[in-house]
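Below are the chains, spelled out letter by letter.
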Amino acid sequence: MKKITLILFSIFIITSMNAQDIKKLPEPIKKGGMPLMEALNLRKTDRDFSSKELDPQTLSNLLWAANGINRPDGRRTAPTARNMQQIEIYLYMQDGVYLYLAKEHALQLVVKGDHRKEAAKQPFAQVAPVTLVLVADYAKMNMDDKELRDLYAGTDCGNVCQNIYLFCASENLCTVELGMIDRESIEKLLKINGKVLLGQPVGYHK
Ligand SMILES: Cc1cc2nc3c(=O)[nH]c(=O)nc-3n(C[C@H](O)[C@H](O)[C@H](O)COP(=O)(O)O)c2cc1C
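Report on the accompanying structure. (Residues numbered from 1 in each chain as written. Predicted model: local features only at pLDDT ≥ 70, side-chain atom pairs only at ≥ 80, totals over all residues.)

**A few points about the site of the ligand**
Near the ligand you find Lys44, Thr45, Gln122, Val176, Glu177, Leu178, Gly179, Met180 and Leu198, and these make up its full shell. Grouping the constituent residues of the shell around the ligand by class yields 4 nonpolar, 3 polar and 2 charged. (Near = placed C-beta within 6 Å. Nonpolar A, V, L, I, M, F, W, Y, C, P; charged D, E, K, R; others polar.)

Right under this line is the structure:
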């Protein structure tokens, strides 16, 4: 009896810990926004970030636009070679680093604390409330040809980046794709089995 109580107590502790570490995002609003041709006309790189937090609905819409699920079979807003769906989005925010869970449309806490300065090297990017770090998960890329694997990692990451750019154009948000990120520090902090590709801070304009 004592043993069963102990097991049940441990299960309770583990599930409540996990529940605390996962934040459900508001349902994304999939209608409206700017007409595509106008968003393409306004798509650009900006670097005048305000440090103001993004409101939760905007963050939810941004992540869905970037790489959310848009069909019943689980496929995404961004295409991937062989439908590998290997691009993961980590969010470097003031209170921690989170992983975007597309299926749950939620954020999973990976590491607590403000690590934004460890990700983006350039000062203008460090003030943004969130830097999205795009990573190719090698566990989802079962490929012997390593050159082709890394080519697909790069091209598929670019698809997500352009979705982010277009969403930002439509919502008048500030964003810049960043090659200048500290890959070593990101790999170490997040214990990545894959390729850390690019960063993309997003915020309001100053
Ligand atoms: C792969 C890639 C890496 C980039 N890396 C950086 C970067 O590290 N820092 C930066 O300020 N801009 C970076 N940029 C932004 C480019 O400088 C910018 O896209 C380019 O000047 C064209 O401007 P536009 O995006 O407004 O058309 C990068 C863009 C791409 C596509």
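Structure's up, so let's keep going.
**A short note on the sheet that holds strand β6 (residues 174–175)**
Read from one edge to the other, the open sheet built from 7 strands follows the order β1-β4-β3-β2-β5-β7-β6, with strand pairing classed as antiparallel. Looking along the sheet, the strands with just one partner apiece sit at the ends: β1 (22–24) and β6. Bridge analysis of β1 against strand β4 (residues 106–112) gives 3 bridges, and the strand direction is antiparallel. Note that in β4 the partner of lysine 23 across the bridge is leucine 107. Its contacts with the sheet put helix α6 (residues 146–171) on β2 (87–93), β5 (130–137), β6 and β7 (194–203), and the angle it makes with β7 is roughly 10 degrees. Contacts from helix α7 (residues 183–190) reach β2, β3 (96–101), β4, β5 and β7, with the element oriented near 100 degrees to β7. (Pairing = 2+ DSSP bridges. Helix = DSSP H or I, 4+ residues; strand = E, 2+ residues; numbered from the N terminus. Contact = placed C-beta atoms within 7 Å. Axes fitted to C-alpha atoms, helices over the stretch in contact; angles between N-to-C directions.)

**Describing the pairing of β5**
In the case of a regular strand, side chains alternate between the two sheet surfaces. Of all 8 residues in β5, 7 are buried; the element is thus mostly enclosed. In this structure, β2 lies alongside β5, joined through 7 bridges in antiparallel fashion. Bridging across to β5, leucine 91 finds its partner in leucine 132. Taken together, the 8 bridges between β5 and β7 define a ladder with antiparallel strand orientation. Note that in β7 the partner of valine 130 across the bridge is valine 202. (Buried ≥ 20, exposed ≤ 12 C-beta atoms within 10 Å, placed from the backbone.)

**What to know about the nonpolar core**
Counting 51 residues, the largest nonpolar core has Tyr90, Leu91, Val133, Leu134 and Ile164 as the members making the most contacts within it. Elements with a contribution of two residues or more to this core: α3 (56–67), β2, β3, β5, α6, α7 and β7. When residues of this core are assigned to their parent elements, the largest contribution, 10 residues, is made by α6. Leave out the neighbours within four places in its chain, and leucine 134 touches Ile87, Ile89, Cys157, Val160, Leu197, Leu198 and Gln200. (Core = buried A, V, L, I, M, F, W, Y, C linked by C-beta atoms within 7 Å.)

**Some thoughts on the packing of α3 against α6**
Where α3 meets α6, the axes come as close as 7 Å, and the angle between the chain directions of the two elements is 140 degrees. The angle between the axes of α3 and α6 places the two elements in the oblique class. The handedness of the crossing between α3 and α6 comes out as right-handed. In this structure, α3 uses Thr58, Leu62, Ala65, Ala66 and Asn67 to contact α6, whose residues at the interface are Val160, Asn163, Ile164, Phe167 and Glu171. The residue inventory of the contact of α3 with α6, partitioned by class, reads 6 nonpolar, 3 polar and 1 charged. (Parallel < 35°, antiparallel > 145°, perpendicular 65-115°, else oblique. Left-handed = near helix turned anticlockwise from the far one by under 90°.)

**Regarding unusual backbone geometry**
Negative phi values dominate among residues other than glycine, just as trans dominates among peptide bonds. Positioned with a positive phi, asparagine 83 is a non-glycine residue whose angle comes to about 50 degrees. Along the chain, asparagine 83 falls in the loop between α3 and β2. A positive phi angle, near 50 degrees, is found at glutamine 85, a position not held by glycine. For glutamine 85, the position within the fold is in the loop between α3 and β2. Judged by the 19 C-beta atoms lying within 10 Å of it, glutamine 85 is partly exposed.

Shape is all these values report; function is a separate question.
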